[in-house]
Amino acid sequence: MADATKTSERHGGQSGGANGEREKPKGFLAALERVGNALPNPFWLFVILAGVVIVSSWLGAMAGMSAEDPATGDIIEVESLLTPENLQRMVTDAVDNFVTFAPLGLILVCMLGVAIAEYSGFIGAAIRGAVSKVSSPMWLTFVVALSGVTGSIASDAVYVILIPLGAAAFRAVGRNPIVGAMVAFAASSAGFNSSLVLNITDVLLAGISTSAAQFVDPEYVVSPLANYFFSMASSIVLAIIITAVTELFIVKHTKKTIDEDKINYEAASFTKPERGGDDEDADEDGNSNGSDANGSRSNGSDANGNSDSSDADDSGSDAGSTSSESNGETKTKEELRDELELHPKESRALKIAGLTAVAVVAAWCALLFIPGSPLRGEGDGILNSPLLTDIVVSIALLFAAVGIAYGIAFGSVRSSADIPDFMEKGLGTLTAMMVLFFAVAQFTSYFSWSNLGQWTAIKGAEMLTRADLPPLVLFAALVLMVALLNLFITSGSAQWALMAPVVVPMLMYVDIAPEVSQMLFRIGDSPTNIITPMSPYFALALTFLQKYHKPAGVGTLMSLAIPYSIAMLVGWFAFFVVWYLLGIPLGPGVPVR
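What you see is a predicted model, and the numbers here were worked out from it, not measured in a lab. (Residues numbered from 1 in each chain as written. Predicted model: local features only at pLDDT ≥ 70, side-chain atom pairs only at ≥ 80, totals over all residues. Heavy atoms only, no water.)

Peer 1: How do you make sense of the pattern of salt bridges when you look at a structure like this?
Peer 2: Applying the stated criterion to the full structure yields four salt bridges. Here Asp380 and Arg376 are joined by a salt bridge, their closest N and O atoms 3.6 Å apart. Judged by its relative accessible area of 33%, Asp380 falls in the partly exposed class. We classify Arg376 as buried; its relative accessible area is 13%. (Salt bridge = Lys/Arg side-chain N within 4 Å of Asp/Glu carboxyl O. Buried < 20%, exposed > 50% of the residue type's maximum accessible area, 1.4 Å probe, protein only.)

Peer 1: Looking at this model, I keep getting lost on the environment of Pro471. Mind explaining?
Peer 2: Along the chain, Pro471 falls in helix α22 (residues 471–485). Taking the C-alpha atoms as reference points, Pro471 and Tyr580, separated by 109 residues in sequence, lie 10.0 Å from one another. (Helix = DSSP H or I, 4+ residues; strand = E, 2+ residues; numbered from the N terminus.)

Peer 1: Just to check I follow, could you spell out the packing of aromatic side chains for this structure?
Peer 2: A ring pair, where both rings are aromatic, is described by two values, the distance of the centres and the angle of the planes. In this structure the tally under the stated criterion is 20 aromatic pairs. Centre to centre, the rings of Trp139 and Phe142 are 5.7 Å apart; their planes meet at 90 degrees, and the pair counts as edge-to-face. Taken together, the positions of Trp139 and Phe142, both in helix α8 (residues 137–150) and three residues apart, correspond to about one turn of that helix. Owing to a relative accessible area of 54%, Trp139 belongs among the exposed residues under this scheme. Ring centres of Phe576 and Tyr580 lie 6.2 Å apart, and the angle between their planes is 25 degrees; on these two criteria the pair is classed as stacked. Of this pair, Phe576 and Tyr580 both sit in helix α26 (residues 554–582), four residues apart, which is roughly one turn of that helix. In this pair, the class of Phe576 matches that of Tyr580, namely buried. Three or more aromatic residues joined by ring pairs form one cluster here, namely Phe230, Phe475, Phe575, Phe576, Trp579 and Tyr580. The aromatic ring of Tyr580 is capped on one face by Arg593, whose charged end is 5.3 Å from the ring centroid. (Phe/Tyr/Trp six-rings, centres within 6.5 Å; stacked < 30°, edge-to-face > 60°. Lys NZ or Arg CZ within 6 Å of the ring centre and 35° of its normal.)

Peer 1: Explain the packing of α22 against helix α24 (residues 514–525) here, please?
Peer 2: How two helices pack is summed up by the angle between their axes together with the distance between the axes. Relative to each other, α22 and α24 sit at 45 degrees, their axes nearing to 7 Å. Here α22 is positioned oblique relative to α24, judged by the angle of their axes. The handedness of the crossing between α22 and α24 is right-handed. Together, Phe475, Leu478, Val479, Val482 and Ala483 of α22 and Val516, Leu520, Phe521, Ile523, Gly524 and Asp525 of α24 make up the contact between the two elements. For the contact of α22 with α24, the per-class residue count stands at nine nonpolar, one polar and one charged. (Axes fitted to C-alpha atoms, helices over the stretch in contact; angles between N-to-C directions. Parallel < 35°, antiparallel > 145°, perpendicular 65-115°, else oblique. Left-handed = near helix turned anticlockwise from the far one by under 90°. Contact = heavy atoms within 4.5 Å. Nonpolar A, V, L, I, M, F, W, Y, C, P; charged D, E, K, R; others polar.)

Peer 1: Is there a simple way to explain helix α6 (residues 102–119) in this structure?
Peer 2: One full turn of an α-helix is made of 3.6 residues, so residues set three or four places apart face in the same direction. For α6, with 18 residues, the first-to-last C-alpha span of 26 Å sits near the 26 Å given by 1.5 Å per residue. Along α6, the largest kink reaches about 30 degrees and is centred on Leu112. Pro103, Leu104, Ile107, Cys110, Met111, Gly113, Val114, Ala115, Ile116, Ala117, Glu118 and Tyr119 are the residues of α6 that are buried. Note on α6: the residue one or two positions beyond its end, Gly121, has a positive phi of about 100 degrees. (Expected span 1.5 Å × (residues − 1). Bend = angle between axes of the 7 residues up to and from the residue.)

Peer 1: Explanation requested: the packing of helix α3 (residues 42–62) against helix α20 (residues 431–450) in the structure shown.
Peer 2: Contact pair α3 / α20: the axes reach a minimum separation of 8 Å and the direction vectors enclose 15 degrees. Relative to α20, the element α3 is oriented roughly parallel. By crossing handedness, the relation of α3 to α20 is classed as left-handed. Here Pro42, Phe43, Phe46, Val47, Leu49, Ala50, Val53, Ile54 and Ser57 of α3 come into contact with α20, specifically with Val435, Leu436, Ala439, Val440, Phe443, Tyr446, Phe447 and Ser450.

Peer 1: Any chance you could explain the nonpolar core here in plain terms?
Peer 2: Across soluble globular proteins, you tend to see nonpolar side chains buried next to one another. Among the nonpolar cores identified, the biggest contains 156 residues, and Tyr564, Phe576 and Leu586 are the most heavily contacted of them. When residues of this core are assigned to their parent elements, the largest contribution, 14 residues, is made by α26. (Core = buried A, V, L, I, M, F, W, Y, C linked by side-chain atoms within 4.5 Å.)

Peer 1: Is there a simple way to think about the confidence of the model for the chain in this case?
Peer 2: Fine structural detail should not be taken from predicted coordinates in areas where pLDDT scores are low. With 76% of its residues at a pLDDT of 70 or more, the chain shows a mean pLDDT of 77. Segment residues 271–276 is flagged for pLDDT under 50; beyond a separation of four residues in sequence, or across chains, it makes 22 contacts in the model. (pLDDT = per-residue confidence, 0-100.)

Peer 1: Explain unusual backbone geometry to me, please; I cannot follow it from the model alone.
Peer 2: Trans is the prevailing form of peptide bonds, just as negative phi is the prevailing case for residues other than glycine. Positive phi outside glycine occurs at Asp380, with the angle close to 60 degrees. Positionally, Asp380 belongs in the loop between α16 (344–369) and α17 (386–389). Positive phi values are uncommon outside glycine, yet Asn451 reaches one of about 70 degrees. As for its position among the elements, Asn451 is in the loop between α20 and α21 (452–467).

Peer 1: Sorry if this is basic, but what is going on with the environment of Val183 here?
Peer 2: Within the secondary structure layout, Val183 lies in helix α10 (residues 177–190). Classification of Val183 as buried rests on a relative accessible area of 0%. Separated by 378 residues in the primary sequence, Val183 and Ala561 have C-alpha atoms spaced 9.3 Å apart. Not counting the four nearest positions on each side in its chain, Val183 is found in contact with Thr141, Val144, Ala145, Phe170, Ile242, Thr246 and Tyr564.

In structure tokens form, the structure reads like this:
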């Protein structure tokens, strides 16, 4: 582990080769990097866009731009934001724009619960448990892939948790750890927008989609459950695609291009924790085994999503995520396999957390489905129940309950003060997002006040109507556009906040629901995450790759990532086409067409 740590520190944060020098990609990569580096920070991007909206509104009003709302027959005129009234409004409504921005409160509430599950150690232990029970090479690939796709519930922490876990799992059964790391990276990054369970991405995108849909229908609400059926099924499909690409291509490719004699196998080994949270020294071992290593964002990624390499190593070593120090001993396959196993205290804590989750879900279902329940909706309805319309509260409570149960059983929660401490740490990781959201909130408000969004949507709908494009052609064009933009704007929420005010209303006018537009965005957004050097997690993945194989560089990572990216983009959209043609709902009460 000591050698691995030195390697990580030496290369951390650099997109370079074995000598610590940044490799200079040629051709498309060089052009992509130049364009990406020319883009401002997302905060300033939205400040600039807000300025563009202000100037465009003035020009549009001067030109007399207007359009007829096909739904009501009303005339929508572009309104200048440079009038005295609107200039004053920019000042007086700035705070309201921010605090009423739909995604902000939802994300903060959801993170309160997720942070407890993450910092108690539940999320990391659950992922390790998932990959420790299989020995078949293909099944192991599938389980790591499925864990990565579903691991998005841990948000950015999944990269620090799962990449070394994937390498260690493959090493434990005698396979190339670089292949395991790539499976984990592809699943965590390219599959980020799909999951077996609801996560913070569902809440965030639904809030942005709701704001955009209300340009057309002020009463429209997109539920966090809107894409759940398709997203859940997609996680299985994406895991299968990742498995197929790995077994049919990546395994052969690595044998041809990577010298296995230069692989640091010790850097990809597990160490079983020696004591649990109830033992003596619990503060030292219990918290490190149960909390930081199993998902702490403080070890491995900061609020901006940037990784500290030495911390990433620590986050693996504390609870069996990476190897012990190399001592020159040769280990058998059985010994390597044993290193993957959970500590008995972790296993016991996971069982208790699982029972807690079952109890919470059972109580939630009872309150939702039993007639006469005080939490049923108006008219004793189910789909309009606050348990669904405001499901973020239920999500937060579920994660909190599971995290507390795990923490108490394992010993990472030793007093009631630990719970608010975990919450504070979780909210601390959102500071960069809140700064960005301030600029986004002003931009979307200005865009709404100017009527430019409605005018653009109506004119765009008219153009689409005249073009009479088949829905599937339109869908393919939208997915491709999102995928290309994602190469330059790597923040999914920032990109959707930019696109949704135009795309969602425009497609609503041609009878395509906001939930469909949102799902198409999710399909286009994820797969290209793993091939853009502008993503901080591209550099993080390269750091891990270099820890296992010192000669690895940008070209190595790109050659391994591109097959996943293309296969997942094409395969996921093809799956959506089949889903659409069959007319299967995207989520509860959300028809696909």
